[in-house]
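Chains, contacts and geometry: an overview
Okay, here's what each chain looks like letter by letter:
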Amino acid sequence: MVGKICGTGSYAPPHIMDNNDLAKIVDTSDEWIRERTGIVRRHVIQEETTSYMAGQAAMRAIEQSGTDPEEIDLILAATSSSETVFPCMACEVQKMIGAKRAAGFDINAACTGFVLAYNTAQAYISAGIYRTVLVIGAESMSNMVDWTDRSTCILFGDGAGAVLLKAEEGTPCRMAAYSDGKKGEALTALSRHRKGWEELTGEEKKSDKESYIQMDGQAVFKFAVRKVPEIVEELLGQENLGVEDVDWFILHQANRRIVEAAAKRLKADIAKFPMNLDEYGNTSGASIPILLDEMNRKGMFERGQKIVLAGFGAGLTWAACLTEW
Ligand code: COA
């Protein structure tokens, strides 16, 4: 058995901050951000929560597929920035969409989260355990960044995406995943203090600042450019396929230069690497399902097309899947 995508949905908060808005807060410029990252604007939550966005994306995917929410067996939610530690976001979404029968849990692996959730869904489906699985990626990165740190706050954005998978006869997907905890310090965010800023002691204030995203940008860049082509080649090699056999390479949308460098290393046509990070920035676990939904709604997929999904990020973690539309 294999899970086929039968509906996609996404949600981006209506409030937009473009690069010029950021240049009013930190010492940066539209030119610098565009050149180094490809990002032009990002959507940022105001009243919305991560679970709310997840619920909206899920409802759109369910509606598109014409599925009764009570058919859903499992909800997997990839997030590192939910407004609650528990209940988990999957349970919050279950409540919103009325998926009464579904089991649900979250997967926290930062920007790799969605691909790991997708792979987990495919594994359950191919084992015959579940037939209908909702996979979500939703993030409020604006809550995680230090808005005084120009090296990180310019990179991220908020949003959610979802896909609904249904079991069909067929060969299971090829998938792979890796972690390298020893290199985890390259990209970190600690749990937050639950007190207001005014109530914190000096030491707590210091560590509160450290609770925001801290990143060695160049280390993460190098890691991504090396590991993404490696894992993609591994999957293609297992199927005796070349890059020319793949219709779309849907990579985590962190930085245009990372996607371009990965395409170059793979010697693959960059036209097969769609990007939307100019509009959203890096939405971490939400970036791949948002892109899938945009492409689907534009009619860019055809039944049977071969698609590689590849995520990478904090942990360090990286994962990929060779799947068919
Ligand atoms: N605006 C203007 N200047 C900035 C800046 C900003 N927003 N951020 C950093 N700079 C400055 C630095 O202070 C540095 O100045 P200096 O030369 O005077 O010291 C200079 O720009 C170059 O900084 P550097 O960090 O070497 O730039 P870079 O080319 O590596 O680009 C990133 C920085 C963050 C864009 C890049 O490393 C990157 O994209 N890394 C991957 C990050 C990522 O995708 N993380 C998430 C993965 S899931």
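Residues numbered from 1 in each chain as written. Predicted model: local features only at pLDDT ≥ 70, side-chain atom pairs only at ≥ 80, totals over all residues. Heavy atoms only, no water.

Let us look at the site of the ligand. The ligand sits among 22 residues. The nearest are Thr28, Arg36, Arg150, Gln218 and Asn255. In the model, a nitrogen atom of the ligand is placed 2.6 Å from a nitrogen or oxygen of the Thr28 side chain. Arg36 places a polar side-chain atom, nitrogen or oxygen, 2.7 Å from an oxygen atom of the ligand. Among the secondary structure elements, those contributing two or more residues to the shell around the ligand are helix H2 (30-37), helix H6 (150-153), helix H8 (217-238), helix H9 (256-266) and strand E12 (306-313). Element by element, the count of residues in the shell around the ligand is highest for H8, at four residues. The residue inventory of the shell around the ligand, partitioned by class, reads nine nonpolar, nine polar and four charged. Each of domain 1 (2-168) and domain 2 (174-324) accounts for three or more of the residues forming the shell around the ligand. (Near = heavy atom within 4 Å. Polar contact = N/O pair within 3.5 Å; in protein donor to acceptor, adjacent residues only side chain to side chain. Helix = DSSP H or I, 4+ residues; strand = E, 2+ residues; numbered from the N terminus. Nonpolar A, V, L, I, M, F, W, Y, C, P; charged D, E, K, R; others polar. Domains from an automatic or database assignment.)

This part is about the sheet that holds strand E13 (residues 317-324). One open sheet accounts for four strands, arranged E8-E13-E12-E11; its pairing is mixed. Of all the strands in the sheet, the pair left with one neighbour each is strand E8 (174-179) and strand E11 (248-251). Averaged over all pairs of adjacent strands, the angle between their axes in this sheet comes to 10°, without regard to strand direction. In the sheet, E12 pairs with E13 via eight bridges, with the strands oriented antiparallel. Looking at E13, one finds that Lys306 is bridged to Glu324. Sitting on the sheet, H8 touches E8, E11, E12 and E13, and the angle it makes with E13 is about 35°. (Pairing = 2+ DSSP bridges. Axes fitted to C-alpha atoms, helices over the stretch in contact; angles between N-to-C directions. Contact = heavy atoms within 4.5 Å.)

On to the packing of aromatic side chains. Per the stated rule, a full pass over the model turns up seven aromatic pairs. Ring geometry for Phe223 and Trp318: centres 5.5 Å apart, planes at 75°, overall edge-to-face. In this pair, Phe223 is assigned in helix H8 and Trp318 in strand E13, connecting sequence segments 95 residues apart. By the ring-pair criterion, three or more aromatic residues cluster together here, those being Tyr178, Phe223 and Trp318. (Phe/Tyr/Trp six-rings, centres within 6.5 Å; stacked < 30°, edge-to-face > 60°.)

Moving on: the layout of surface pockets. Taken as a whole, the largest pocket encloses approximately 1300 Å³ of empty space. Along the wall of the largest pocket there are 49 residues; nearest its centre are Met141, Met144, Thr188, Ala189 and Ile213. Elements represented by at least two residues in the lining of the largest pocket include exactly H2, H6, strand E9 (187-188), H8, H9 and E12. Here the lining of the largest pocket gets four residues from one element, more than from any other, and that element is H8. Of the residues that constitute the lining of the largest pocket, the class distribution is 21 nonpolar, 21 polar and seven charged. Counting contributing residues per domain, the lining of the largest pocket is built from domain 1 (2-168) and domain 2 (174-324), each supplying no fewer than three. Around the second largest pocket sit 14 residues that line it, and Thr171, Pro172, Cys173, Leu322 and Glu324 are the ones nearest its centre. For the lining of the second largest pocket, the elements supplying multiple residues, two or more each, are strand E1 (2-11) and E13. (1 Å grid on protein atoms, 1.4 Å probe; cavity = no way out; pocket = protein on both sides within 12 Å on 5 of 7 lines; lining within 4 Å. Points joined across faces, edges and corners; volume = space filled by probe spheres on them.)

A few words now on helix H5 (residues 113-126). Three- or four-residue spacings in an α-helix give side chains the same orientation, since the helix completes a turn every 3.6 residues. An ideal rise of 1.5 Å per residue puts 20 Å on 14 residues; H5 measures up with 20 Å between its terminal C-alpha atoms. Those residues of H5 lying buried are Gly113, Phe114, Val115, Ala117, Tyr118, Asn119, Ala121, Gln122 and Ile125. (Expected span 1.5 Å × (residues − 1). Buried < 20%, exposed > 50% of the residue type's maximum accessible area, 1.4 Å probe, protein only.)

Residues Glu244, Asp245, Asp247 and Glu302 make up a contiguous surface patch of negative charge. Looking at the secondary structure, you find Glu302 in the loop between helix H11 (287-297) and E12. Note on Glu302: relative accessible area 54%, which makes it exposed. (Patch = residues over 30% accessible without salt bridge, like charges linked within 9 Å, V, L, I, M, F, W, Y side chains within 5 Å. Areas by Shrake-Rupley, 256 points an atom, 1.4 Å probe, with all protein chains shown as cover. Salt bridge = Lys/Arg side-chain N within 4 Å of Asp/Glu carboxyl O. Lys, Arg positive; Asp, Glu negative; His and termini not counted. Charge placed at Lys NZ, Arg CZ, Asp CG, Glu CD.)

In this structure, Pro274 sits in the loop between H9 and helix H10 (277-280). Residue classification places Pro274 among the buried positions, given a relative accessible area of 13%. Between the alpha carbons of Pro274 and Ala177 there is a distance of 22 Å; along the sequence they are 97 residues apart.

Counting residues in hydrophobic clusters, the biggest one holds 48 residues, and the most contacted among them are Val232, Phe249, Leu251, Phe273 and Phe312. Where this core is concerned, the elements lending two or more residues are H8, E11, H9, E12 and E13. There are two domains that each give this core at least three residues, and those are domain 1 (2-168) and domain 2 (174-324). Leave out the neighbours within four places in its chain, and Phe273 touches Phe249, Leu251, Val259, Ala263, Leu266 and Ala268. In terms of nonpolar packing, the next biggest core, distinct from the first, is built from 30 residues, Val133, Leu165, Ile307 and Leu309 among them. (Core = buried A, V, L, I, M, F, W, Y, C linked by side-chain atoms within 4.5 Å.)

The next point concerns the pattern of salt bridges. Using the criterion set out here, one finds 16 salt bridges in the structure. Across the salt bridge formed by Arg150 and Asp27, the nearest N and O atoms sit 3.7 Å from each other. Remark: Asp27 occurs in the loop between helix H1 (19-23) and H2 and Arg150 occurs in helix H6; sequence separation between them is 123 residues. Classification of Asp27 as exposed rests on a relative accessible area of 61%. Close ionic contact of Glu71 with Lys166 constitutes a salt bridge, the shortest N to O distance being 3.7 Å. Here the residue Glu71 occupies a position in the loop between helix H3 (50-65) and strand E4 (74-78), and Lys166 occupies one in strand E7 (residues 158-168), the gap between them amounting to 95 residues. What makes Lys166 partly exposed here is its relative accessible area of 24%. Each of Lys4, Lys306 and Glu324 takes part in salt bridges that share partners, so that together they form one network.

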